[in-house]
Amino acid sequence: MATVLSLSFLCLILVFARLSPVSANAEGDALNALKSNLADPNNVLQSWDPTLVNPCTWLHVTCNSDNSVTRVDLGNANLSGQLVPQLGQLENLQYLELYSNNISGRIPNELGNLTNLVSLDLYLNRLSGPIPDTLGKLQRLRFLRLNNNTLSGQIPMSLTTINTLQVLDLSSNQLTGPIPVNGSFQLFTPIRFN
Amino acid sequence: MKRITRSPLSIKDPSFHTSLEVKYEACLVPAILSWFCILVSFWFMIAVVMSMVSGFRAPPALITIFIWLLVVESFGHAAQTDIDCLRDIQASLQDPFNYLSSWRFNNTTEGFICKFAGVDCWHPDENKVLNIRLGDMGLRGKFPLGVSRCSSLTGLDLSGNSIRGNIPSNISKLIGFVTSLDLSSNHFSGEIPVDLANCSYLNILKLDNNQLRGRIPPQIGLLNRIKTFSVSRNQLSGPVPRFISATIPAESYANNPGLCDISAHLQFQA
């Protein structure tokens with residue numbers, strides 16, 4: 001009986017130990033999930049080693065002084081495959097640069113959790129599906145460039161609440177419906193939407 | 001802009017299939033270079049097809065050049081007009097303090113104009129101008145008409161210079177999509193053109209501290225996105241416009257001896 005109890009106690013400790021990983025490692029896991037979902041013929045993700053304590057030494061990844069990821073720069077990297085919802089766990093991410101690749105699939109709703117995001121560049125890919133209305137939560141966003149994909153559906157009204165938007169490019173997609181003209185969208189003209 | 005999709009080539013297969021689908025969307029300027037590229041690429045396509053028919057391996061170089069030409073075409077058009085736009089602006093303005101010294105056009109890589117002083121691009125590696133900010137640079141000359149070639153321009157700031165002459169009477173044909181236009185603190189003269197009322201996306205219109213005279217065109221009040229409108233320190237006269245979706249404070253009209261707000265029985269003396 002005592003053996004069973006102590007064994008189960010040990011199991012509980014192990015379970016809890018696994019449930020609370022070092023937060024920086026969770027960011028490495030999130031980026032590794034992205035790597036696993038992408039085809040990388042140019043080996044730009046070769047340095048992405050998930051056994052390291054944090055992803056801050058990985059190429060194309062930039063961290064702040066707390067070893068938390070602030071930038072992911074993978075533009076023009078010949079990547080294909082799909083994005084992953086785990087990207088939403090990079091809570092200090094400011095720049096997500098995935099433009100000019102061959103990435104397909106949808107934009108994950110979880111990107112709306114990146115409340116520190118300043119630049120979201122997914123342009124020149126093969127993304128499809130709608131623009132998630134959760135992107136309206138990105139209240140610090142300055143650059144939103146989703147042009148040259150095959151995104152469909154309507155432009156979410158929630159985007160008009162982002163008052164920091166400076167550059168918005170949704171052109172060359174398959175978006176339908178009305179173009180919002182209220183809120184921050186008073187600054188935007190048809191050249192950003194065709 | 002053109003988009004290229006192609007399926008992978010397997011040259012080792014003696015009966016290999018090449019499928020190249022090129023979608024052309026509206027092109028702006030049919031430059032001689034583009035027609036040349038189209039002709040040469042058709043020639044290469046025929047060469048590839050013929051090599052396919054006669055059964056030997058098409059040299060990879062041939063196909064590479066073909067693809068490259070199509071890619072070059074796809075970036076050729078809008079990019080070239082924006083480069084010409086900035087070249088024209090530099091040529092038409094005098095720059096005694098050399099603020100535009102970074103505007104060099106000899107090494108033309110993709111996105112090189114994005115590093116020019118005062119130039120904001122839409123995307124960092126594409127020559128497509130978003131904003132031009134040339135405030136307080138001591139520039140002289142007249143309103144740079146070449147700005148019309150920056151077809152995606154949304155912001156133009158020429159404030160704090162010594163630019164003289166009229167504001168172009170066809171300004172909405174030159175910069176029709178502009179949301180912010182700041183011509184303040186220059187030496188602009190003549191009247192405020194009615195055509196400014198056709199720049200329907202204007203949020204900010206600053207014309208203050210110039211030598212503009214005559215009446216403010218009442219149609220300017222129809223600009224429904226206006227947030228900031230300033231004509232103070234000019235020589236304007238007549239009534240102020242009634243804006244349909246903004247309230248313009250009195251100081252925006254100050255220092256125009258002949259300007260009056262009939263509804264408030266105010267005169268905007270110096």
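The name recorded for chain B in an unreviewed UniProt entry is Leucine-rich repeat-containing N-terminal plant-type domain-containing protein, from Sesamum alatum. Checking UniProt for chain B, the heading Subcellular location (unreviewed entry) contains the comment "Membrane".

An unreviewed UniProt entry lists chain A under the name Somatic embryogenesis receptor kinase, from Sesamum alatum.

> How do you make sense of the overall build of chain A when you look at a structure like this?
Helix and strand counts for chain A stand at two helices and 12 strands. Here chain A holds 194 residues, and the buried ones make up 44% of them. Here the contacts in chain A between residues at least 6 apart in sequence split such that 50% fall between residues at least 24 apart. Total accessible area on chain A is roughly 9200 Å²; 54% of this is exposed by carbon and sulfur atoms. A distance of 5 Å separates the average location of the 10 positive side-chain charges in chain A from that of its 12 negative side-chain charges.

> Explanation requested: the confidence of the model for chain A in the structure shown.
Any segment with low pLDDT has predicted coordinates that should not be analysed in fine detail. Put simply, chain A has an average pLDDT of 91, and 92% of its residues get 70 or more. In this model, residues 20–24 of chain A is a region of pLDDT below 50 whose contacts with residues beyond four sequence positions or in other chains number four contacts.

> How should the state of the cysteines be read in this particular structure?
Disulfide: a covalent bond formed between the sulfur atoms of two cysteine residues. The tally for this structure, following the rule as stated, stands at three disulfides over all chains. Between the sulfur of Cys-56 of chain A and that of Cys-63 of chain A lies a disulfide, 2.1 Å long from S to S. Taking the sign of the S-S torsion, about -90° here, the bridge from Cys-56 of chain A to Cys-63 of chain A comes out left-handed. The disulfide that involves Cys-114 of chain B links it to Cys-121 of chain B, with 2.2 Å between the sulfurs.

> What is the right way to read the packing of aromatic side chains from this model?
Enumeration over the complete set of coordinates arrives at 11 aromatic pairs over all chains. Cluster of aromatic residues (ring-pair linked, three or more members): Trp-103, Phe-105, Phe-112 and Phe-116 of chain B. We note Arg-71 of chain A situated over the ring of Tyr-95 of chain A; from NZ or CZ to the ring centre the distance is 4.2 Å. The ring centre of Trp-122 of chain B lies 5.3 Å from the NZ or CZ of Lys-128 of chain B, which sits over that ring.

> Explain the UniProt feature "domain: Leucine-rich repeat-containing N-terminal plant-type" (unreviewed entry) in chain B to me, please; I cannot follow it from the model alone.
The UniProt record marks residues 80–122 of chain B with the feature "domain: Leucine-rich repeat-containing N-terminal plant-type" (unreviewed entry), using the residue numbering of this structure. In this annotation, residues 80–122 of chain B is assigned 30% helix and 14% strand; the end-to-end C-alpha distance for the span is 15 Å.

> Sorry if this is basic, but what is going on with the nonpolar core here?
Considering soluble globular proteins, one finds that nonpolar side chains tend to be buried as a cluster. In this structure, Leu-86, Ile-132, Phe-143, Ile-175, Leu-196 and Phe-229 of chain B are the most contacted members of the largest nonpolar core, which totals 53 residues. When contributions to this core are tallied by element, the ones reaching two or more residues are α2 (60–92), β4 (119–123), β5 (126–133) and α3 (171–174) of chain B. Top element by residues in this core is α2 of chain B. It accounts for four residues. In contact with Phe-229 of chain B, other than residues within four places in its own chain, are Leu-205, Ile-216, Ile-220, Phe-243, Ile-248, Ser-252 and Tyr-253 of chain B. Formed by 47 residues, the second largest nonpolar core is a distinct cluster that contains Leu-38, Val-84, Leu-93 and Leu-168 of chain A.

> What is the right way to read the interface of chain A and chain B from this model?
By a widely used convention, the size of an interface equals the accessible area lost when the partners come together. Contacts between the two partners involve 21 residues from chain A, matched on the other side by 22 residues from chain B. Interface area, chain A with chain B, both sides summed: about 1700 Å², of which 53% is carbon and sulfur. Here chain A is connected to chain B by zero salt bridges. Where chain A touches chain B, the interface holds eight residue pairs in polar contact (both at pLDDT 80 or more). No other element matches strand β11 (residues 167–169) of chain A, which puts three residues into the side of chain A that touches chain B. Of the residues in the side of chain A that touches chain B, the class split is 10 nonpolar, seven polar and four charged.

> Please clarify how the side chain of Asn-131 of chain B should be interpreted in this entry.
Residues and elements named next belong to chain B. Relative to the assigned elements, Asn-131 resides in strand β5. Taking the relative accessible area as the measure of exposure, Asn-131 reaches 13% and is therefore buried. Polar contacts involving the side chain of Asn-131 include one to the side chain of Thr-154, which spans 3.1 Å. Once residues lying within four places of it in the same chain are set aside, the contact partners of Asn-131 are Gly-118, Val-119, Asp-120, Leu-153, Thr-154 and Gly-155.

> Would you mind showing me how to read the sheet that holds strand β1 (residues 38–39) of chain A here?
Hydrogen bonds between backbone groups are what pair the strands of a sheet, and the pairing can be parallel or antiparallel. Residues and elements named next belong to chain A. Across the sheet, which stays open at both edges, the six strands sit in the order β1-β4-β6-β8-β10-β12 with mixed pairing between neighbours. Two strands close off the open sheet at either side, each with one partner strand: β1 and β12 (174–175). As paired strands, strand β4 (residues 80–82) and strand β6 (residues 102–105) are joined by three bridges and run parallel to one another. From the neighbouring strand, Gln-82 faces β6, where its bridge partner is Ser-104.

> Help me understand the pattern of salt bridges in this model?
Any two side chains of opposite charge can pair, on the condition that their charged atoms come close. Residues and elements named next belong to chain B. Across all of its chains, the model carries six salt bridges over all chains by this definition. Between Asp-84 and Arg-87 there is a salt bridge, with the nearest N and O atoms lying 3.8 Å from each other. In this pair, Asp-84 and Arg-87 both sit in helix α2, three residues apart, roughly one turn of the helix. The class of Asp-84 is buried, set by a relative accessible area of 17%. Classification of Arg-87 by relative accessible area gives partly exposed; the value is 37%.

Criteria and cut-off values
- Residues numbered from 1 in each chain as written.
- Chains lettered and ligands numbered in written order.
- Predicted model: local features only at pLDDT ≥ 70, side-chain atom pairs only at ≥ 80, totals over all residues.
- Heavy atoms only, no water.
- UniProt positions renumbered as here; feature names shortened; annotations may be inferred.
- Helix = DSSP H or I, 4+ residues; strand = E, 2+ residues; numbered from the N terminus.
- Buried < 20%, exposed > 50% of the residue type's maximum accessible area, 1.4 Å probe, protein only.
- Contact = heavy atoms within 4.5 Å.
- Areas by Shrake-Rupley, 256 points an atom, 1.4 Å probe, with all protein chains shown as cover.
- Lys, Arg positive; Asp, Glu negative; His and termini not counted.
- Charge placed at Lys NZ, Arg CZ, Asp CG, Glu CD.
- pLDDT = per-residue confidence, 0-100.
- Disulfide = S-S within 2.5 Å.
- Phe/Tyr/Trp six-rings, centres within 6.5 Å; stacked < 30°, edge-to-face > 60°.
- Lys NZ or Arg CZ within 6 Å of the ring centre and 35° of its normal.
- Core = buried A, V, L, I, M, F, W, Y, C linked by side-chain atoms within 4.5 Å.
- Buried area = accessible area lost by both parts, 1.4 Å probe.
- Salt bridge = Lys/Arg side-chain N within 4 Å of Asp/Glu carboxyl O.
- Polar contact = N/O pair within 3.5 Å; in protein donor to acceptor, adjacent residues only side chain to side chain.
- Nonpolar A, V, L, I, M, F, W, Y, C, P; charged D, E, K, R; others polar.
- Pairing = 2+ DSSP bridges.

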